[in-house]
Amino acid sequence: MERGVDAAITGNQVARRGFALTVLSAHVLLVAALGGYYAKLKLPIGLYPTEVVVIACAIFGLSSIADLRLDRMSRLVVAFVAIGTAWVVIGGLGGMQGAGAKAFSFFVYSIFYFVIRAQARSEEARRFILNLFAIAAFGGVALGLWEIEFGEGFPTSTGSLRWLSGEFSIYCLFAAMVAAVPAILRRKLDARSGVVLGAAVAELILAQHRSAFVAFGVALGATAGLLAGSAQALRGVFKVLALAVAGVLAFTVLWGSGYIDETMRRISETTDFSDGTVAWRLLSWYEVGSGVLDAPWGHGFAHWDFTFNYSDPLLGSHNAFLDLTYRIGVEGVLVLLAMPVSLIVRARRLVQRDGVQRHIQLVTACACLLSFVVFASFNMALEAPYMSIMFWVALGVGAGALEEASP
């Protein structure tokens, strides 16, 4: 009788965890396919979709969190959240139109890591979660092409138009890694991966985000050199880049060369300090950086007053790690950065021990995190739920793969 009761309880817990993962996966798919068009919808109950999913994960995924063994990565996450929470207790969140609350939301979304982490110990679950980005890439492309036909675009500092807003750069980067990394490591690009990579490249062009192009190249190169560590893997990178060029040519044939020319011009002006966006970033980085030097231990979430954001208190310096350092101090950001660094270091050890073919999903998760870290160094990627949640998703997938692979 007792065994039957225990089995029923266990079955109920499994069902609740599965429901939490399903809700979270559906949310990730919709965010990655539609971006802020979906994530910024205010529901009739007065909440936004991400807030509803957080509540659902807290209710139905609570057993996952309670039963989760606190390994090294999970301890880092707990320590990071504790640091952020301590600053809220000390100084509150302040006013500033909710700038502090917006920044602290990144800490709250760490619950997504625990839900994903509990389920991602199986290869099937990891494949399912990573494939969400591959599927979503087609939604992003469809939205961008719809904007070309009927929208007004997003003006840039170079005079061109972007047809997808900046957050889509994160989604297409993840989709590109999901398609490209296995192809590089297996040295074979099948038709499915080629189509997904083509969609990701098209989405990258439609978003026309210069830092995303940088993140794309850095993440692919670092993954091949750091994790795969072979000349064959680097040759695989060149093959993928060749396919990306082919995708650009196909885009040119279908939609003309004008937009490609604008994109190439924007890329060429990435280091042009006279460009308004580049100059503004450097000045805002200087201002926030000076504040960090004044109090490297942090200022909390209630203080966020600068010249560059006088007209918009919610505006950040477009360097997510610098802004976070100002708020929670150098020690807090070091804990945050220790998460992807720890994952990559341990993944490299496993790859050297077992060979890369046994750890493709782990390496893919590392590549996603690398692209996120590079992108966040030039953008407000930790303050917005439609971008920041992707960090926790990729980290959860990588931590789950790491646990399964570790002895």
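Structure first, text after, so check above.
Residues numbered from 1 in each chain as written. Predicted model: local features only at pLDDT ≥ 70, side-chain atom pairs only at ≥ 80, totals over all residues. Heavy atoms only, no water.

S.K.: Sorry, what's going on with the state of the cysteines here?
M.R.: Formally, a disulfide is one covalent bond, and it connects the sulfur atom of one cysteine to the sulfur atom of another. The full count for this structure, using the stated rule, is zero disulfides. In this model C368 remains outside any disulfide bridge; the closest cysteine sulfur is found in C366, 9.3 Å from its own. (Disulfide = S-S within 2.5 Å.)

S.K.: Help me understand the environment of V178, please; the structure alone is not making it clear to me.
M.R.: With respect to the helices and strands, the residue V178 is situated in helix α9 (residues 168-186). On a C-alpha basis, the gap between V178 and S193 in space is 8.3 Å, while along the polypeptide they are 15 residues apart. What V178 contacts, discounting residues up to four positions off in sequence, is L130, N131, F133, A134 and T364. (Helix = DSSP H or I, 4+ residues; strand = E, 2+ residues; numbered from the N terminus. Contact = heavy atoms within 4.5 Å.)

S.K.: Explanation requested: the environment of V351 in the structure shown.
M.R.: Relative to the helices and strands, V351 resides in helix α15 (residues 320-354). Sequence separation between V351 and L227 is 124 residues; the distance between their C-alpha atoms is 6.9 Å. Excluding anything up to four places from it in sequence, V351 contacts L227, V356, H359 and V363.

S.K.: Can you help me understand helix α3 (residues 49-60) in this one?
M.R.: Owing to its 3.6 residues per turn, the α-helix brings residues three or four apart onto one side. Between its first and last C-alpha, α3 extends 16 Å over 12 residues, near the 16 Å set by a 1.5 Å rise per residue. Taken together, the buried positions of α3 are occupied by P49, T50, V53, V54, A56 and C57. Viewed end-on, α3 has its buried residues packed into an arc of 165 degrees, placing them on one side of the element. (Expected span 1.5 Å × (residues − 1). Buried < 20%, exposed > 50% of the residue type's maximum accessible area, 1.4 Å probe, protein only. Arc of directions from axis to C-beta.)

S.K.: I would appreciate a short explanation of the nonpolar core in the present structure.
M.R.: Nonpolar side chains tend to gather and get buried jointly when the protein is soluble and globular. Membership of the largest hydrophobic core comes to 117 residues, with the highest contact counts inside it found for F80, M339, M390 and W392. With 15 residues, the single largest contributor to this core is α9. The next biggest cluster of nonpolar side chains, apart from the first, holds eight residues, and it includes A99, V288, W304 and Y326. (Core = buried A, V, L, I, M, F, W, Y, C linked by side-chain atoms within 4.5 Å.)

S.K.: Teacher, can you tell me more about the side chain of R281 here?
M.R.: Relative to the helices and strands, R281 is located in helix α14 (residues 276-294). One polar contact links the side chain of R281 to the main-chain carbonyl oxygen of F378, over a distance of 2.8 Å. A polar side-chain atom of R281 sits 3.2 Å from a polar atom in the side chain of N379. (Polar contact = N/O pair within 3.5 Å; in protein donor to acceptor, adjacent residues only side chain to side chain.)

S.K.: Sorry, what's going on with the pattern of salt bridges here?
M.R.: Applying the stated criterion across every chain yields a total of seven salt bridges. The partner of E404 in a salt bridge is R126, and the shortest N-O contact between them spans 2.6 Å. Linking E404 in helix α17 (residues 385-405) with R126 in helix α8 (residues 123-150), this pair joins segments that are 278 residues apart in sequence. In this structure E404 comes out as partly exposed when scored by relative accessible area, which is 44%. (Salt bridge = Lys/Arg side-chain N within 4 Å of Asp/Glu carboxyl O.)

S.K.: Whenever I open this one, the packing of α8 against α17 confuses me. Can you help?
M.R.: Two quantities define a packed helix pair, namely the angle between the axes and the distance from one axis to the other. Direction vectors running N to C along α8 and α17 enclose 155 degrees, while the axes themselves pass 10 Å from each other. The pairing of α8 with α17 is recorded here as roughly antiparallel in orientation. As for the relative orientation of α8 and α17, their crossing is left-handed in sense. Packed against α8, whose contacting residues are E123, R126, I129, L130 and F133, the element α17 presents M390, V393, V397, G400, A401 and E404 at the interface. Tallied by class, the residues present in the contact of α8 with α17 amount to seven nonpolar, one polar and three charged. (Axes fitted to C-alpha atoms, helices over the stretch in contact; angles between N-to-C directions. Parallel < 35°, antiparallel > 145°, perpendicular 65-115°, else oblique. Left-handed = near helix turned anticlockwise from the far one by under 90°. Nonpolar A, V, L, I, M, F, W, Y, C, P; charged D, E, K, R; others polar.)

S.K.: Explain helix α5 (residues 72-91) to me, please; I cannot follow it from the model alone.
M.R.: If you check α5, its first and last C-alpha atoms are 29 Å apart, about what 20 residues at 1.5 Å a residue would give, namely 28 Å. Of all the positions in α5, only M73, S74, L76, V77, F80, G84 and W87 are classed as buried. What you see down the axis of α5 is that its buried residues fit within an arc of 165 degrees, all on one side. In α5, the exposed residues that point more than 90 degrees away from the buried face are V89 and I90. Each element contacted by the buried residues of α5 is listed here: α6 (99-108), α7 (111-119), α15 and α17. One or two steps after α5, the chain reaches G92, where phi turns positive at roughly 75 degrees.

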